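Single-letter residue listing:
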Amino acid sequence: MAKRIAVLVSGGGTNLQALIDAQGRGELTGGEIAAVLSSSPDAYALERAKKAGIPGYVLPRGDARAVTAALVERLQALDIHLVVMAGFMTIVTEELFRAYPNAVLNIHPSLIPSFCGVGCYGLHVHEKALAYGVKVSGATVHFVTEECDAGPIVLQKAVEVLPEDTPETLQRRIMEQCEWKLLPRAVSLFCQGRLRVEGRKVTVLENAE
Ligand code: GAR
């Protein structure tokens, strides 16, 4: 039976689109996107879900604990197996990881452990990378744990930083060359049962466990 995937979004939803497109090409082996949950009613990601015929939900506003409780309740009612944070900018509490141990994935637009952690999201990540003067940056898919951006790493990919880069051009290159490829691949590997997590280490298996 296919694993039911919920994608959590807050904004434009290009990573959600990459997942929808991968599913359309038959590349989300073993999984199906069952729902999109947004922290904002205005997120364009909800439009993308609607166009793809995927049910969309808006999470209530409130403190992190109340939002997480509502989120977990909704995920369980939808019988979700895998939770994917794709540009989800809301802080959640440990109740989510208790309900979904090693079953919450996040995409972050840097090579973790660089340029990550509290307050480091979206365009800020690329501003920080350029200010630091790094020559490569990239993206990371990792399992989400209680510590922000510090869970076991599943996949990473790097790109060159060019002298003329702005935060916007670097963001776009990292999305196109890293994020939109890594996230569908990681989701598919999870849904095929090909990710083994031991402590901080994730092994990609040739065959399902
Ligand atoms: C993406 O670059 C994603 O990696 C980043 O926000 C953007 C969302 O774009 N996420 C974070 O910074 C999380 N810490 P999208 O809505 O077009 O997918």
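A. Structural detail: the environment of Y121. Tracing the backbone shows Y121 in the loop between β5 (104–108) and α5 (123–132). Once the C-alpha coordinates of Y121 and G87 are considered, the two residues, 34 residues apart in sequence, prove to be 8.6 Å apart.

B. Summary view of the site of the ligand. In the vicinity of the ligand there are 14 residues, among which G13, T14, N15, G122 and E179 approach most closely. G13 places a main-chain nitrogen or oxygen 2.8 Å from an oxygen atom of the ligand. Within the backbone of G122, one N or O atom sits 2.8 Å away from an oxygen atom of the ligand. Contributing elements (two or more residues each) for the shell around the ligand: α1 (14–24), β5 and α6 (167–191). Split by residue class, the shell around the ligand holds six nonpolar, seven polar and one charged.

C. Up close: the sheet that holds strand β6 (residues 136–143). With mixed pairing, seven strands are arranged side by side in an open sheet as β3-β2-β1-β4-β5-β6-β7. Each edge of the open sheet is held by one strand with a lone partner, namely β3 (56–58) and β7 (153–160). For this sheet, the mean inter-axis angle between neighbouring strands, taken without regard to orientation, is 20°. Alignment of β6 against β7, held across seven bridges, turns out to be antiparallel. For S137, the partnering residue across the bridge sits in β7 and is V159. Sitting on the sheet, α6 is in contact with β1 (3–9), β2 (31–38), β4 (82–85), β5, β6 and β7, with an inclination near 160° to β7.

Cut-offs applied
- Residues numbered from 1 in each chain as written.
- Predicted model: local features only at pLDDT ≥ 70, side-chain atom pairs only at ≥ 80, totals over all residues.
- Heavy atoms only, no water.
- Helix = DSSP H or I, 4+ residues; strand = E, 2+ residues; numbered from the N terminus.
- Near = heavy atom within 4 Å.
- Polar contact = N/O pair within 3.5 Å; in protein donor to acceptor, adjacent residues only side chain to side chain.
- Nonpolar A, V, L, I, M, F, W, Y, C, P; charged D, E, K, R; others polar.
- Pairing = 2+ DSSP bridges.
- Axes fitted to C-alpha atoms, helices over the stretch in contact; angles between N-to-C directions.
- Contact = heavy atoms within 4.5 Å.

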